[in-house]
Amino acid sequence: MDFSYQLYSARNEASLDDTLKTLSGLGYTQVEGWGGQFADPAALAQSLKNAGLSMPTAHMGFAQLEDTDAALRIVDTVGIDTVYCPAPPSEAFRLGLGDWQHFAEGLARIAAAFKAAGKGFGYHNHHWEFARDANGKTPMELILDASPDTQWEMDLAWVVKANEDPLFWLDKLGSRITAVHVKDIAPAGENADEDGWADVGHGTLDWKTLIGEVKAKTKARYFVLEHDKPADAIRFARRSMDTLKSFGV
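A. Examining the overall build of the protein chain more closely. Looking only at helices and strands, one finds 11 helices and 10 strands in the protein chain. Projecting the C-alpha coordinates of the protein chain onto the three principal axes gives extents of approximately 50 × 40 × 35 Å. For the protein chain, with 249 residues in total, the buried portion stands at 53%. Across the protein chain, contacts joining residues at least 24 apart in sequence account for 71% of those joining residues at least 6 apart. Taken as a whole, the protein chain presents about 10700 Å² of accessible surface, with 47% of it coming from carbon and sulfur. If you average the places of the 24 positive and of the 36 negative side-chain charges in the protein chain, the two averages end up 4 Å apart.

This is the structure in structure tokens:
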């Protein structure tokens, strides 16, 4: 299977072109873009072509997505199939003060526009989306309930960070999951300089089993490697790909 690489992990690298070519050399065929890279979509498309990579998925922030026509022009130029909103639009949501229902309705409107344009749209979770309201509903459920066209890119490690069982959510909402972030959590007290994250296969998550569960229970087409704060983005890319190749998946 093909694995993708979330380019946010390499945001501190000096050269995007060099990073793309290095990733290709390590065996990646796909990358996932993020909002800061779309200032010149035509140049980005050329850089991807030069490296022999595709960008089937991308992250765009809610503010960027609200100008939906402009977002779709970027999508067409770069050759993106599906865009995921990566987070809620303001700090209020992270503090438990945001209006998730209103946000969910905004995402639903964007999803409708993307569907009309023949493109996919969804949402990527952190841990904030699992704080239950008075009715026992999570924000993640509110987002998906607002529109059948809003997909879910499950960041499985953040589900674990929210003290949730990812297998429960794979069973419950697997039909809505179209991509998964493959990232790992360091053992307690380790990798403090990397905010407690780890290269895939060098942390606490059993990704060999989890990939099988995701494939069996979801519609995930994309498996995107990510590390939120790697000390060395290329080390992360190399060691994580080595791990996944060793699984034989």
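Next, the rest of the story.
B. Focus on the packing of helix α2 (residues 41–51) against helix α4 (residues 68–78). Across the interface, α2 lies against α4 with an axial gap of 8 Å and an inter-helix angle of 25°. By the angle between their directions, the pair α2 and α4 is classed as roughly parallel. The handedness of the crossing between α2 and α4 comes out as right-handed. Here P41, A42, L44, A45 and L48 of α2 lie close against α4, whose contacting residues are I74, T77 and V78. For the contact of α2 with α4, the residue count by class is seven nonpolar, one polar and no charged.

C. Expanded view of the packing of helix α1 (residues 16–25) against α2. Orientation of α1 relative to α2, taken along the N-to-C sense of each, is 35°, at an axis distance of 9 Å. Judged by the twist between their axes, the crossing of α1 over α2 is right-handed. Of α2, the residues touching α1 (which contributes L16, D17, L20, K21 and S24) are L44, S47, L48 and A51.

D. Fine view of the nonpolar core. The biggest cluster of nonpolar side chains holds 75 residues, and the ones touching the most others in it are Y5, W152 and W207. When near neighbours in sequence (up to four residues on either side) are disregarded, Y5 contacts A10, L23, Y28, Q30, V31, E32, V224, L225, A233, F236 and A237.

E. Local environment of helix α10 (residues 207–217). Those residues of α10 that sit buried are W207, L210, I211 and V214. Angular distribution of buried residues about the axis of α10 spans 100°; they occupy a single face of the element. The elements touched by buried residues of α10 are α8 (156–161), α9 (166–173), β7 (177–182), β8 (184–185), β10 (222–225) and α11 (233–247).

F. Main features of the sheet that holds strand β6 (residues 150–155). If you walk around this closed barrel you meet the eight strands as β1-β2-β3-β4-β5-β6-β7-β10, and the pairing is parallel. On average, each strand axis in the sheet is tilted by 30° relative to the strand beside it, whichever way the strands run. Together, β4 (82–85), β5 (120–124) and β6 form the strand contacts of helix α6 (residues 100–116), whose direction differs from that of β5 by roughly 155°.

G. A look at the side chain of H124. Along the polypeptide, H124 turns up in strand β5. Of the residues examined, H124 reaches a relative accessible area of 2% and is grouped as buried. Here H181 takes part through its side chain, which lies 3.4 Å from a polar atom of the side chain of H124. Once residues within four sequence positions are removed from consideration, H124 is found in contact with H59, Y84, C85, P86, A87, E129, E153, D155, H181 and E226.

H. Representation of the packing of aromatic side chains within the structure. With the rule as written, the count across this model stands at 15 aromatic pairs. Measuring from ring centre to ring centre gives 5.1 Å for F62 and F103, while their planes differ by 80°; the resulting arrangement is edge-to-face. Of this pair, F62 sits in helix α3 (residues 62–66) while F103 sits in helix α6, placing them 41 residues apart in sequence. For F103, a relative accessible area of 3% puts it in the buried group. Here F103 and Y123 contribute two aromatic rings whose centre-to-centre distance is 5.7 Å and whose plane-to-plane angle is 75°, an arrangement assigned as edge-to-face. Placement of the pair is F103 in helix α6 and Y123 in strand β5, with a sequence separation of 20 residues.

I. Spatial organisation of the pattern of salt bridges. Per the counting criterion, the structure on display carries 13 salt bridges. In this structure, D199 engages R235 in a salt bridge whose closest nitrogen and oxygen atoms are separated by 2.9 Å. With a gap of 36 residues between them, D199 in the loop between β9 (197–198) and α10 and R235 in helix α11 connect regions that are remote in the sequence. On the basis of relative accessible area, D199 is assigned to the buried category, the value being 2%. In this structure, a network of salt bridges that share partners links the residues D155, K183, E226 and D228.

What counts, and where the lines are drawn
Residues numbered from 1 in each chain as written. Predicted model: local features only at pLDDT ≥ 70, side-chain atom pairs only at ≥ 80, totals over all residues. Heavy atoms only, no water. Helix = DSSP H or I, 4+ residues; strand = E, 2+ residues; numbered from the N terminus. Buried < 20%, exposed > 50% of the residue type's maximum accessible area, 1.4 Å probe, protein only. Contact = heavy atoms within 4.5 Å. Areas by Shrake-Rupley, 256 points an atom, 1.4 Å probe, with all protein chains shown as cover. Lys, Arg positive; Asp, Glu negative; His and termini not counted. Charge placed at Lys NZ, Arg CZ, Asp CG, Glu CD. Axes fitted to C-alpha atoms, helices over the stretch in contact; angles between N-to-C directions. Parallel < 35°, antiparallel > 145°, perpendicular 65-115°, else oblique. Left-handed = near helix turned anticlockwise from the far one by under 90°. Nonpolar A, V, L, I, M, F, W, Y, C, P; charged D, E, K, R; others polar. Core = buried A, V, L, I, M, F, W, Y, C linked by side-chain atoms within 4.5 Å. Arc of directions from axis to C-beta. Pairing = 2+ DSSP bridges. Polar contact = N/O pair within 3.5 Å; in protein donor to acceptor, adjacent residues only side chain to side chain. Phe/Tyr/Trp six-rings, centres within 6.5 Å; stacked < 30°, edge-to-face > 60°. Salt bridge = Lys/Arg side-chain N within 4 Å of Asp/Glu carboxyl O.

Everything listed here is a matter of coordinates, which is why it stays silent on function.
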